[in-house]
Amino acid sequence: VGQPNQPVLNLGANVQQVTKYNGADGQIALNVTGGTPPYTYLWSTGSDAPILRRLRAGTYSVTVTDNSQPTKLVTTQNIVVAEPTFVCGVDSVR
């Protein structure tokens, strides 16, 4: 007798990179599929929203949990927001 397929929780992210050196205009918008909605989010920043805005360059970790019963599905992913290269004479260091 075969086992039923295990449900899967898929996590995608639309990342808007920081547009200028040392800026804070990056964004991460999650796209979650699979499992059982509604989903809960917990970011390394402490946010519980599916979209993070006004981000500086760096690596952000998110844990997404679905609403499956009796056992919830959980996935964790690290997402990188990149910063453009410093341009001497144009950018400044603060």
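What this report covers is the structure whose coordinates are included nearby. Since the structure is predicted, the reported quantities are computational estimates derived from the model, not experimental observations. (Residues numbered from 1 in each chain as written. Predicted model: local features only at pLDDT ≥ 70, side-chain atom pairs only at ≥ 80, totals over all residues. Heavy atoms only, no water.)

1. As for the overall build of the protein chain
From N to C terminus, the protein chain includes zero helices and six strands. Ordered by position from the N terminus, the helices and strands of the protein chain form the series β-β-β-β-β-β. Here the protein chain, with 94 residues, has 26% of them falling under the buried criterion. Of the contacts made within the protein chain by residues no fewer than 6 positions apart, 51% connect residues no fewer than 24 positions apart. (Helix = DSSP H or I, 4+ residues; strand = E, 2+ residues; numbered from the N terminus. Buried < 20%, exposed > 50% of the residue type's maximum accessible area, 1.4 Å probe, protein only. Contact = heavy atoms within 4.5 Å.)

2. Describing the pairing of strand S3 (residues 40–43)
Of the two faces of S3, only the one carrying Tyr 41 and Trp 43 is buried; Thr 40 and Leu 42 on the other face are not. By the bridge criterion, four bridges tie S3 to strand S5 (residues 58–65) in an arrangement that is antiparallel. Within S5, the residue paired with Thr 40 across the bridge is Thr 65. (Pairing = 2+ DSSP bridges.)

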